[in-house]
Amino acid sequence: MSDRVLIRKLPSGVPGLDHVLGGGIPELSFNLIAGGPGCGKTTLGNQILFANATSERKAIYFTIIGEPPVKMLRYQQQYSFFDMEKLGDAIRFVHLGDEANRGGLKAVLKRIQEEVDNTGPSFVAVDSFRSMFRRRGPEGQSEHESQDFVQELALHLTNAEATTFLLGEFDEAESDNAVFTVADGLIWLAQAIDRNSIVRKVNVMKMRGQGQIPGLHTARITEHGLDVFPRLLKPESRPAAPSAEPPERLSTGVHELDAMMGGGVPQGYSVVVAGPSGSGKTVLAHQFLLDGAKRGEMGIIAVFEKRPDTYLETTPFGPEFKQMVAEGKIQILYVRPLDLSIDETLFALREAVVRVGAKRAVIDSLSGLELALAPTFREDFRESLYRMMGALTESGVTVVSTVELEDDFTRLKFSPQGIAFLSDALVIQRYVEIRGELRRVMSVVKVRSSPHSADLREYHVTAKGLAVKAERFTAYDGLLTGAPREHESPDDLTGTAEPRT
Amino acid sequence: MTKPSASHLDAAQRVLRRDAPSGDSGPGHAAAARRVLERTLADLGDVMGATAAHALLVRSLKLGALHSSALAAIAIDTPTPEAEPLPAYLERALAENSVEDVTEATTALYASWIMLLERLLGERLTAKLIRDVRPADTATAKEMK
């Protein structure tokens with residue numbers, strides 16, 4: 001016999017929210033869904049009830065004052081969770097506006113108690129109870145009476161074995177309100193405004209008896225209702241690869257580059273390919289995916305700047321790439337290009353990785369991702385990216401990310417905003433001016449825990465992909481400074497530099 | 001938008017016929033219509049509140065008056081529910097008319113009500129809310145019993 005009561009956790013019906021809640025909604029709990037107008041309280045309330053109500057475990061959704069029920073039903077039925085078949089039998093909507101107008105809190109409480117006693121619902125929502133407190137009813141109820149109302153309601157509904165949700169408009173300055181003390185769970189919804197963007201946030205401030213994930217989590221309202229994207233926690237540091245068993249290497253699809261990297265990309269590494277516009281970053285990323293697809297390794301590519309059909313036109317491997325996409329060996333993820341959060345992007349990537357069993361992933365590009373993010377997330381882009389890369393590579397996926405690099409010949413830059421440190425391997429591509437001609441060079445700057453070439457190699461972007469010269473670019477010095485000097489006797493400088501580690 | 005369709009009229013006739021007396025008495029038909037309206041008001045009031053349900057009925061009265069001279073004659077100066085419940089007022093106002101006029105008026109009124117609800121809430125939800133609207137032998141109606 002257990003000496004502790006087992007609290008069942010009910011699904012919220014909101015993707016991602018159960019994880020944030022610490023497993024779900026505790027059965028028989030008395031919860032407050034709070035937030036400002038338009039933040040999704042009613043949608044969340046409906047979503048939870050529709051996810052749980054059945055003929056055997058009924059739900060009542062009480063509306064009091066606020067959004068007229070006709071409007072609420074009109075709009076809520078647009079969401080996919082609004083199952084008409086549940087109406088009437090599993091879920092009843094009861095409006096208490098007349099009771100509130102004529103009898104105030106007492107009349108509302110009495111009717112709720114009657115309905116609950118008569119129906120015995122397992123789930124109850126009261127929307128919006130807060131608006132009753134803001135107006136003075138016929139009895140001119142005080143704040144004290146309002147608290148009594150909540151206390152009595154909580155007591156009655158808990159005794160009636162109903163899991164309850166009170167929906168109300170609160171602002172954060174009211175966080176000391178007594179109702180927060182009574183509630184077992186407190187889910188706060190908010191809309192953060194930054195410049196022209198609005199980002200929805202969910203904060204589970206309290207959930208008695210279980211450990212919720214703290215902090216503000218991004219949310220989005222779609223045709224399916226509310227979606228929550230749990231905030232990424234910092235990845236645990238990965239154990240160093242055992243020296244006896246070096247990680248499997250994946251080919252980039254460019255033989256010479258593989259050799260420069262010491263035999264390809266170690267599996268589970270995050271590779272950043274940085275270079276200016278037109279330098280062939282995307283071409284290299286596509287070669288990486290195509291090479292995997294030919295070996296039966298599934299791949300995904302997340303694009304932000306162009307829609308998939310347009311994007312496919314940009315690759316020199318058009319027909320081959322399209323064929324792989326058609327066969328499902330490569331999947332293109334077009335992530336909505338406005339007001340994204342890193343968590344949302346990661347969710348889409350992770351979901352795709354699991355769905356297709358991807359071994360290779362490409363993010364094309366980090367610059368595009370940054371632009372697609374809501375301004376509020378751009379501020380901590382580096383940290384967010386760090387968490388995202390950690391989460392992706394922890395699952396064993398090898399990630400190649402492209403990043404736009406503005407050529408700046410006055411100083412050597414490996415990546416914008418110093419994001420090079422995020423990568424396990426870094427490949428840079430640059431333009432150099434030789435005798436009035438722009439030519440391309442690339443170098444492997446780092447491959448963590450692996451020897452690699454330090455060469456600057458000239459390469460060309462061809463219809464078959466990157467063609468990297470087998471020898472180091474030896475005819476000039478100072479290629480990266482913008483003022484290369486030609487050697488009098490280039491033959492003196494041929495040869496291979498010592499590999500770096 | 002302001003004219004009920006044939007299916008609205010058909011549904012209204014079906015609902016009203018269920019309560020209609022067999023005789024040719026105008027007052028009898030008006031009383032039967034009152035019962036139907038009261039029942040529908042109760043169904044709707046439960047979900048959207050009595051005030052909102054009443055407001056929709058008043059609007060339906062105005063829309064129905066465009067298609068029924070008997071209804072047009074009484075649609076002016078409708079009372080508030082506090083003064084006299086609208087179904088009772090309609091029964092009193094229609095009772096002096098012929099059976100044909102009462103039938104035409106109540107059908108126009110009820111069909112407008114269904115039309116308005118469907119416009120606001122869609123067909124399926126309206127059928128869920130007004131239990132009498134769908135034919136008794138359909139699956140939807142059976143589910144609601």
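Provided above is the structure to which this section pertains.
Here's a quick rundown of the structure.

Assigned secondary structure in chain A consists of 15 helices and 24 strands. For chain A, the residues scored as buried account for 53% of the 501 residues in total. In chain A, the proportion of contacts linking residues at least 24 apart, taken out of those at least 6 apart, comes to 69%. Summed over all atoms, the accessible surface of chain A reaches about 22,400 Å², with 50% contributed by carbon and sulfur.

So, on to the interface of chain A and chain B. On the side of chain B, 16 residues touch chain A, which itself brings 18 residues to the contact. Taking both partners together, chain A and chain B bury about 1,500 Å²; carbon and sulfur atoms supply 51% of that area. Taken together, chain A and chain B are joined by 1 salt bridge. Of the charged contacts, one joins R124(B) and E85(A) as a salt bridge, the two residues approaching to 2.3 Å between their closest N and O atoms. Scanning the region where chain A abuts chain B turns up 7 residue pairs in polar contact (both at pLDDT 80 or more). Secondary structure elements with two or more residues in the side of chain A that touches chain B: α3 (69–76), β5 (91–95) and α4 (97–119) of chain A.

Now for the pattern of salt bridges. Where charged atoms from two side chains of opposite charge come close, those side chains can pair. Residues and elements named next belong to chain A. Enumeration over the complete set of coordinates arrives at 33 salt bridges over all chains. Across the pair E320 and K294 runs a salt bridge, and its minimum N-O distance is 3.1 Å. With E320 in helix α11 (residues 318–326) and K294 in helix α9 (residues 281–294), this pair connects stretches of sequence that are 26 residues apart. A relative accessible area of 31% places E320 in the partly exposed class. Since its relative accessible area comes to 57%, K294 is described here as exposed. Residues participating in the shared-partner salt-bridge network are E248, D291, R295, E297, K359 and R360.

Residues and elements named next belong to chain A. Per the counting criterion, the structure on display carries 10 aromatic pairs over all chains. Measuring from centroid to centroid gives 4.6 Å for F50 and F82, while their planes differ by 40 degrees, and the two rings are tilted. In this pair, F50 sits in helix α2 (residues 41–52) while F82 sits in the loop between α3 and β5, placing the two residues 32 residues apart along the sequence. In this structure, F50 and F82 share a single accessibility class: buried. With centroids separated by 6.3 Å and ring planes inclined at 65 degrees, the aromatic side chains of F473 and Y476 adopt a geometry described as edge-to-face. For Y476, a relative accessible area of 10% puts it in the buried group. Among the aromatic residues, ring-to-ring pairing joins F50, Y61, Y79, F81, F82 and F93 into one connected group. Above the face of the F288 ring, R360 is positioned so that its terminal group lies 4.6 Å from the ring centre.

Our focus in this paragraph is the nonpolar core. Judged by nonpolar contacts, the single largest core of 78 residues is most densely connected at L17(A), L44(A), F93(A), M48(B), Y110(B) and W113(B). Setting aside residues no more than four positions away along its own chain, Y110(B) makes contact with A12(B), V15(B), L16(B), V36(B), L37(B), T40(B) and I130(B). Listed in part, the 41 residues of the second largest apolar core include V272(A), L333(A), F381(A) and I428(A).

Cut-offs applied
Residues numbered from 1 in each chain as written. Chains lettered and ligands numbered in written order. Predicted model: local features only at pLDDT ≥ 70, side-chain atom pairs only at ≥ 80, totals over all residues. Heavy atoms only, no water. Helix = DSSP H or I, 4+ residues; strand = E, 2+ residues; numbered from the N terminus. Buried < 20%, exposed > 50% of the residue type's maximum accessible area, 1.4 Å probe, protein only. Contact = heavy atoms within 4.5 Å. Areas by Shrake-Rupley, 256 points an atom, 1.4 Å probe, with all protein chains shown as cover. Buried area = accessible area lost by both parts, 1.4 Å probe. Salt bridge = Lys/Arg side-chain N within 4 Å of Asp/Glu carboxyl O. Polar contact = N/O pair within 3.5 Å; in protein donor to acceptor, adjacent residues only side chain to side chain. Phe/Tyr/Trp six-rings, centres within 6.5 Å; stacked < 30°, edge-to-face > 60°. Lys NZ or Arg CZ within 6 Å of the ring centre and 35° of its normal. Core = buried A, V, L, I, M, F, W, Y, C linked by side-chain atoms within 4.5 Å.

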